[in-house]
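Spelled out, the chains give:
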Amino acid sequence: MQPNSRHFQANAESALREPNLQSALKQLESGFVAGRQRCYDALPEFEALRDRAKEVLDHTLDNLDAYLLEYEARVLESGGLVHWASTPAEAREIVIRICRDAEAKTVIRGKSMIGEEIGINDALEASGFEVTETDLGEYILQLGKEPPSHIVAPAIHKTKDEISDLFLEHHRDLGFTQRQTERSALVNEARQVLREKFLAADVGMTGANFLIAETGSNVIVTNEGNGDLSSTLPRVQIVTAAIDKVVPTLEDASLLLRLLGRSATGQEITAYTTFTTGPRRERDADGPGEYHVVLIDNHRSEMLGSELRPMLRCIRCGACMNHCPVYGRVGGHAYGWVYPGPMGSVLTPLMVGLDEAGHLPNACTLNGRCETVCPVKIPLPRLLRSLRSRQHLQRQNSSLARIALALWSWVALRPRLYQLLTRPAMALLSRLGARNGGFKRMPLASGWTRVRDLPAPQGSTFQARWQQQQRERK
Amino acid sequence: MAPTETIHSADTPHVGLFVTCLVDLYRPSVGFAAVKLLQQAGCRVTVPQAQTCCGQPAFNNGDDRHARQLAVQVLDAFEEFDYVVGPSASCLGTIRCHYPEMFANDAALLPRIEALSAKSHELVSFLVDVLGVEAVEAGFDQRVTYHDSCSALRELGIKSQPRKLLASVSGLQLNELQGTDICCGFGGTFCVKYPEISGRMAADKVDAVEASGADTLLAGDLGCLLNLAGKMRREGKSTRVYHVAEVLANMADCKSIGEGDD
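Position labels on residues start from 1 in each chain and follow its written sequence. Chain labels run from A onward and ligand labels from 1 onward, assigned in the order the entries are written. In view of the model being predicted, local features appear only for residues whose pLDDT reaches at least 70, and side-chain atom pairs are presented and counted only at 80 or more, with totals across whole chains, interfaces and linings using the full set of residues.

## Things to note about the overall build of chain B
Numbering goes from the N terminus for both helices and strands, where a helix is a DSSP run of H or I of at least four residues and a strand is a run of E of at least two. A tally of regular secondary structure across chain B gives 13 helices and eight strands. The globule rule is 2.2 Å times the number of residues to the power 0.38, and the radius of gyration it is compared with is taken over C-alpha atoms. By the compact-globule yardstick of 18 Å for 262 residues, chain B fits well, its C-alpha radius of gyration being 18 Å. For chain B, the C-alpha atoms occupy an extent of roughly 50 × 40 × 30 Å along the three principal directions. In chain B, buried positions account for 59% of the 262 residues. To sort residues by exposure, count the other C-beta atoms lying within 10 Å of each residue's C-beta; 20 or more gives buried, 12 or fewer gives exposed, and values between give partly exposed, all with C-beta atoms placed from the backbone.

Rendered as structure tokens:
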């Protein structure tokens, strides 16, 4: 996916004027946010689990090389193969090579964000493979040729009407000539279409919610069961996963699973939690003949060695975006790449470049609501701030803001000068605004007055009045 | 320069008032309300003149060098006091939570900075949590609603303290806001860098204030208050806006924020 984060400002402004999107986003608070809160209130050890999860993941990241090698060894023992990719391009080449070697024609995919990150669908299609997304949300987006706007609920921005139209347009040739408008009828139609795809597919691709080092297993959570079908029906299975998905033990995975569903969708556990280990063994009734894992770095090892390491604890629950007041107003597409919201505002600059994604760390009020709900306690505001420091050092932020702030700091570091300048300035501003109480327009403050008035100050400064009062007392 | 007095009499805490630049420039009455509340609670209050800005704008915009310089200026002006107190969770949150972050790699200054942070408090939480104030002598015959600033709520854990003191104000009725843990859209320079998003957030907050049925909006941070008062004016609302300290000090007889003569 070509990043479009550079145009965040314009993307956001058009999103604010999109009524369908706005009504979809309004559901976040009553849906995901309220659901998480119910789970939180019902689980007394929630905070203790967060602390424990942070510990486990920090320990894993401190020993990431060892756990990755352990995971690889277990996968090899179970008869699978592990491929290492530093870049998205390498990952795409590996996947395409596996598909070609297997003489595959069709690929089905279970929803995975890493698939979006490496742009696997376009690459497979360009190489002549037929690719079908099997998660309902992702399937809708594939028909509409759109990127996801949320990492857990990818089609959260689509209305039922739009989906009815899409299905009629794309399914008519398959014999579905009736425009369905009921939710259950739409789901049923998608199920029938997808069932044929599952049965015919040569290759099944999934991501991984966790990779377990001690067993070489891959864990995925879904609510539709499409992940199970994608990983057991086709003769070749390919797991694409980022290197930060590995955890040491099954016990650790179950700890994180207790937090994942609750934080993501307000579910104690998702409808399906699927563990797969290696290809089909002789005694197994079903399962793939080939089992491949593609482990992808894509700048994660750089993050590991930087102050942004805590970001690698992320388990992709989406709680940060569900609780983000900016995401809640502009939606996921405004962010212009795969990962939106607070976690995306940290990841995107690292993966596509700070020059492309420079808006994202700044488009945040640092209100901190994301950090308080993050199940693995990622200090998102601190990480966003540290990206702002990088921008400042590399002079990548707006020069107007730099100059204004430098000037403010320069004056603020000289208290006498500060008082000398601010007294008459505030007195003047107060006199001008006294009658009205505020200003509709103000030179140099158009960012403020574009959407709100500038209240008039009271008059002289506190320091001036205080000093006068102290003198009068003497 | 600052009136230098000897510090420490056994039971009179000596407080250095960190006025905050927004209160200094925009609303001196909040500063006087803070002085009154602190003195009523038995503190000796000094206002160092060598104070301006805590450095948060620089810090939040990635200008760490200036942020640290301003932090050192605050350190020099305030480290002699028993406590540093100010009428803003945003500024005091910066001193309390972020100064130690800024000097994490500065072994020489870090101990002094940490000592400063540990004795720095937002005004209302200082009155309640440190001084044990239970009630104030004030009257305000209005239905009010209270906006929690994000730094109060999440950096400093301030939620019950202002409500406790407001409950002792005679005639005051508190109607709680829906979605009080959601940001009002100020966010420092965010509000001028992304005015459309900020404006929508403020508009939603203004709607919530209206839905609460309150005639007066109170909060403990002037940034939020200027944002919301400005938005209310723009939308032609008649809700009055005060800093919570003005009401608690019984000094809300002046014009509300953004109120004209007419």
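## Points about unusual backbone geometry
Residue and element names in this part refer to chain B. Positive phi is not limited to glycine here, since Thr 20 has a value of about 80°. Along the chain, Thr 20 falls in the loop between β1 (14–17) and α1 (21–26). Classification of Thr 20 by C-beta neighbours within 10 Å gives buried; the count is 28. For Asn 250, which is not a glycine, the phi torsion comes out positive at approximately 60°. Turning to its location among the elements, Asn 250 is positioned in the segment after α13 (244–248). Under the C-beta neighbour-count criterion, Asn 250 is labelled partly exposed, with 18 such atoms within 10 Å.

## Some words on the domain arrangement of chain A
Here the bounds of each domain stem from an automatic or database domain assignment. If you check the domain split of chain A, you get domain 1 (47–301) and domain 2 (415–473). Taken over C-alpha atoms, the centre of domain 1 of chain A sits 58 Å from the centre of domain 2 of chain A.

## Observations concerning the interface of chain B and chain A
Once C-beta atoms have been placed from the backbone, residue pairs whose C-beta atoms lie within 7 Å are recorded as contacts. Contact residues are listed per partner, giving 62 residues for chain B and 53 residues for chain A. Of all the secondary structure elements, the ones that give two or more residues to the side of chain B that touches chain A are α1, α2 (28–40), α3 (56–60), α4 (64–78), α8 (150–155), α10 (190–193), α11 (195–212) and α12 (222–234) of chain B. Top contributing element to the side of chain B that touches chain A by residue count: α11(B), with eight residues.

## Points about the sheet that holds strand β5 (residues 143–147) of chain B
Residues and elements named next belong to chain B. By this definition, two strands are paired if DSSP reports at least two bridges between them. Across the sheet, four strands lie side by side as β6-β5-β7-β8; this open sheet has parallel pairing. The open sheet has two free edges, formed respectively by β6 (173–174) and β8 (240–243), since each of these has just one partner strand. Relative to β8, strand β7 (residues 216–219) runs parallel, the two sharing four bridges. Bridging across to β8, Thr 216 finds its partner in Arg 240. The strands that α12 touches are β5, β7 and β8; relative to β8, the one it contacts most, it runs at about 170°. To define axes, lines are fitted to C-alpha atoms, for helices over the stretch in contact only, and angles between the resulting N-to-C directions are given on a 0 to 180 degree scale.

## Thoughts on the environment of Tyr99(B)
All names here are of chain B. Summarising the element assignment, Tyr 99 is placed in helix α5 (residues 89–102). For Tyr 99, a count of 27 C-beta atoms within 10 Å corresponds to the buried category. Note: C-alpha distance between Tyr 99 and Glu 114 (15 residues apart in sequence) is 7.8 Å. Non-local contacts of Tyr 99, meaning those with residues more than four positions away in its chain, are made with Ala 71, Thr 94, Ile 113, Leu 116 and Ser 117.

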